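The chain contents come next:
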Amino acid sequence: MFRSFFLTREWAVWAWVGMAIIFGGTWYQVQLDVQINEWFGGFYDTVQKALGEPGSISIGEFYRFLMTFGQIAGIYIFVAVMLSFFTKHWVFRWRQAMNNFYMSHWQHLRHIEGASQRVQEDTRRFAVIMESLGSNLLDSLMTLIAFLPILWGLSKQIKVVPFFGEVDHALVYVAIIFALFGTAVLAAVGIKLPGLEFNNQKVEAAYRKELVYGEDHEERADPPTVRELFLNVRRNYFRLFFHYMYFDVAKWSYLQFGVLVPYIALAPTIVAAGITLGVMQQIVRAFGRVESSFQFLVRSWGTIVELISVYKRLRAFEAQIGSMPPVPQPEAAD
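Residues numbered from 1 in each chain as written. Predicted model: local features only at pLDDT ≥ 70, side-chain atom pairs only at ≥ 80, totals over all residues. Heavy atoms only, no water.

*Asks:* I'd like to hear about the nonpolar core, residue by residue, with values.
*Replies:* Membership of the largest hydrophobic core comes to 66 residues, with the highest contact counts inside it found for Phe 126 and Ile 283. The element that contributes the greatest number of residues to this core is helix H5 (residues 115-154), accounting for 14 residues. If we skip the residues at most four places from it in the chain, Ile 283 touches Leu 151, Leu 154, Ile 158, Leu 171, Leu 266 and Ile 275. Counting five residues, the second largest nonpolar core, distinct from the first, contains Val 203, Tyr 207, Leu 229 and Val 233. (Core = buried A, V, L, I, M, F, W, Y, C linked by side-chain atoms within 4.5 Å. Buried < 20%, exposed > 50% of the residue type's maximum accessible area, 1.4 Å probe, protein only. Helix = DSSP H or I, 4+ residues; strand = E, 2+ residues; numbered from the N terminus. Contact = heavy atoms within 4.5 Å.)

Now the structure itself:
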């Protein structure tokens, strides 16, 4: 899964230069988000001043603030679209490298149950998941690096928080503690999901294989056999639905309560009029970015479960290749 792309000469440029481009583009995108966060502070302070002192802000000044946001947002959109476009191509090359490697050993692997599904379907799913999950992970790490110092600095103005009292930079600790608590709870609640998802792929593969045989052989895919195989699919899906139900209850309860956490932490400061509206918006937004970065596992658990399932299947597939002599791989092509 990894050596075929990152450790081969024909894919070296795509693998490493492409990764550098994705890192750089993501970092620039996060820096634009930082600029937007600063804009919110100034904008809401301007709104507060305009509402509190009629005539203190001209219509031209107000529109200039909006134009500034438009400029930053326009660049952000362009970078996001181009980065997404490039990432899709990069991940597809990764899939192509995997496909070339597996097909170079196809004569030895074709007899393995579900071999065609693993080469076509599992590599496709692996690429799709890595595009989504990898991009989100990178964005979370870059966002954390950029916004954690901002939240640390803004926290100096917050003297007291509920339950903790007077703690320097308390908002940073609140974000970390709340995110770690949620991650631990949801990991425990969803501990059965990876195994069930893996079993789901097995029963689906067995059902699909029988149907494929039934296309060419009349004696295969007869009603009793197909019915039994589909009952296995149904049974496993119903178990998945049940376990995802209580997992979703825990997940969405946690995430919805998380919306209130920064306001609860800021309550004493807000009531004491210790900060302006603009600073409050900056803090809430920075807190949300830091908290969301720490909550990467929480927000991506369903996708991670699917990735674990695909990874297990491909690892089992690759285990058949380990003892075979190396076979020259076909040249890479765009």
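Next comes the rest of the description.
*Asks:* Now, about the UniProt feature "transmembrane region" (unreviewed entry) in the protein: what can you tell me, with residues and values included?
*Replies:* The UniProt entry lists residues 12-30, 62-86, 133-152, 172-191 and 260-280 under the feature "transmembrane region" (unreviewed entry), expressed in the numbering used here. Helix makes up 100% of residues 62-86 and strand 0%, whereas the separation of the span's terminal C-alpha atoms amounts to 37 Å. Helix makes up 71% of residues 260-280 and strand 0%, whereas the separation of the span's terminal C-alpha atoms amounts to 13 Å. (UniProt positions renumbered as here; feature names shortened; annotations may be inferred.)

*Asks:* Now, about the side chain of His 169: what can you tell me, with residues and values included?
*Replies:* Topologically, His 169 is positioned in the loop between H5 and helix H6 (170-189). Residue class for His 169 comes out buried when judged on its relative accessible area of 14%. From its side chain, His 169 meets the backbone oxygen of Trp 152 in a polar contact 2.9 Å long. Residue contacts for His 169: discarding those within four places in its chain leaves Trp 152, Ser 155 and Lys 156. (Polar contact = N/O pair within 3.5 Å; in protein donor to acceptor, adjacent residues only side chain to side chain.)

*Asks:* Can you lay out the environment of Asn 236 for me, pointing to particular residues and giving the numbers?
*Replies:* Take Asn 236: it is sitting in helix H8 (residues 223-258). With a relative accessible area of 6%, Asn 236 lands in the buried category. Here the alpha-carbon distance between Asn 236 and Val 203, two residues 33 residues apart in the chain, equals 8.0 Å. When near neighbours in sequence (up to four residues on either side) are disregarded, Asn 236 contacts Leu 196, Asn 199, Asn 200 and Val 203.

*Asks:* Go over the pattern of salt bridges with me, naming the residues and quoting the values.
*Replies:* Tallying each qualifying case throughout the model produces four salt bridges. In this structure, Asp 33 and Arg 285 form a salt bridge, with 2.8 Å as the shortest nitrogen-oxygen distance. Here Asp 33 is found in helix H2 (residues 12-52), whereas its partner Arg 285 is found in helix H10 (residues 277-294), with 252 residues between them in sequence. Owing to a relative accessible area of 17%, Arg 285 belongs among the buried residues under this scheme. In this structure, Arg 289 engages Asp 33 in a salt bridge whose closest nitrogen and oxygen atoms are separated by 2.7 Å. Here Arg 289 is found in helix H10, whereas its partner Asp 33 is found in helix H2, with 256 residues between them in sequence. The partly exposed category is assigned to Arg 289, whose relative accessible area is 29%. For Asp 33, a relative accessible area of 9% translates into the label buried. Here the salt bridges share partners, and the residues they tie into one network are Asp 33, Arg 285 and Arg 289. (Salt bridge = Lys/Arg side-chain N within 4 Å of Asp/Glu carboxyl O.)

*Asks:* I'd like a rundown of the packing of aromatic side chains, residues and numbers included.
*Replies:* Taken as a whole, this structure holds 30 aromatic pairs when the rule is applied. Note on Phe 238 and Phe 241: the rings are 6.1 Å apart at their centroids and 35° apart in plane angle, and the pair reads as tilted. Pair noted here: Phe 238 and Phe 241 are both in helix H8, with a separation of three residues, about one helical turn. Chaining the aromatic ring pairs together yields one cluster made of Phe 2, Phe 5, Phe 6, Trp 11, Trp 16, Trp 90, Trp 94 and Phe 126. (Phe/Tyr/Trp six-rings, centres within 6.5 Å; stacked < 30°, edge-to-face > 60°.)

*Asks:* Describe helix H9 (residues 261-271), with residues and values.
*Replies:* Taken residue by residue, H9 has Val 261, Pro 262, Ala 265, Leu 266 and Thr 269 as its buried positions. End-on, the buried residues of H9 take up no more than an arc of 100°, which puts them together on one face. Phi turns positive one or two residues past the end of H9, at Ala 273, with a value near 55°. (Arc of directions from axis to C-beta.)

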